[in-house]
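Okay, here's what each chain looks like letter by letter:
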Amino acid sequence: MSDTPTPPPQGAAAESDLLLDARRVEARHQQLYQVQLDLAERIEQLLAGWSTPDAATLYSAYESFDGDIEHIKESLDLMHGRLVDAHRARGHAAAGVEK
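Below or above, wherever it landed, is the structure these notes cover. Once a new chain begins, its residue numbering starts again from 1 and follows that chain's sequence as written. Only residues with pLDDT of at least 70 are given local features in this predicted model, and only at 80 or more are side-chain atom pairs given and counted; all residues enter the totals for whole chains, interfaces and linings. To get the side-chain values, take all heavy atoms of the structure and skip hydrogens and water.

**Notes on the overall build of the protein chain**
Of regular secondary structure, the protein chain possesses two helices and zero strands. Taken across its 99 residues, the protein chain has 17% of its residues classed as buried. Working rule for contacts: check all heavy atoms of both residues, and any pair within 4.5 Å makes them a contact. Within the protein chain, residue pairs in contact and separated by at least 24 positions form 76% of the contacts whose partners lie at least 6 positions apart. Calculation of accessible area relied on Shrake-Rupley with a 1.4 Å probe; when residues are assessed, cover is drawn exclusively from the protein chains displayed. About 7500 Å² of surface is accessible on the protein chain, with carbon and sulfur atoms providing 57% of the total. Strands are runs of DSSP state E lasting at least two residues, helices are runs of H or I lasting at least four, and both sets are numbered from the N terminus onward. Burial classification: accessible surface area is computed with a 1.4 Å probe over protein chains only, and a residue below 20% of its type maximum counts as buried, one above 50% as exposed, and the rest as partly exposed.

**Examining the pattern of salt bridges**
When a carboxyl oxygen of Asp or Glu lies within 4 Å of a side-chain nitrogen of Lys or Arg, that pair is called a salt bridge. In the structure shown here, the tally under the stated rule is three salt bridges. Measuring nitrogen to oxygen at the nearest pair gives 3.0 Å for the salt bridge that ties E70 to K73. Separated by three residues within a single helix, E70 and K73 lie in helix α2 (residues 52-98), roughly one turn from each other. Note on E70: relative accessible area 33%, which makes it partly exposed. On the accessibility criterion, K73 (8% relative accessible area) is buried.

**Regarding the nonpolar core**
Among the nonpolar cores identified, the biggest contains six residues, and these are L18, A22, V25, L76, L83 and V84. Elements with a minimum of two residues in this core: α1 (11-47) and α2. Throughout, nonpolar core names a set of buried Ala, Val, Leu, Ile, Met, Phe, Trp, Tyr and Cys residues whose side chains join them through atoms within 4.5 Å.

**As for the side chain of H29**
With respect to the helices and strands, the residue H29 is situated in helix α1. Classification of H29 by relative accessible area gives buried; the value is 13%. When sequence neighbours within four positions are dropped, the list of residues in contact with H29 reads K73, L76 and D77.

**Focus on the environment of L46**
Here L46 lies in helix α1. Measuring from C-alpha to C-alpha, the distance between L46 and Y59 comes to 9.4 Å, with 13 residues separating the pair along the chain. For L46, the contacting residues outside a window of four places in its chain are L39 and L58.

**As for the environment of L83**
Residue position: L83 is located in helix α2. Accessibility expressed as a relative area gives 17% for L83, which makes it buried. Aside from chain neighbours lying at most four places away, what touches L83 is L18, D21, A22 and V25.

So this is what it looks like as structure tokens:
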């Protein structure tokens, strides 16, 4: 097995890979959003019946999780945007070569 990195694909293959990766990133973002939404809808039910200190600890963990998910979603949005921008840039570059 070689330690030499494989060069990135060129042309149409590279463009389609960029779009595929962008779609994958977007799908993961949506999955995280759904987990976040589901938990937000259930947190009150989860807290019901817990003693005050335990409920406070759980709610604190939930808030921390929610904030962490927001940071991850922001990073995924940035990554998605960069992949789409790279796809567009390669498309424009290819169009300029074909003219």
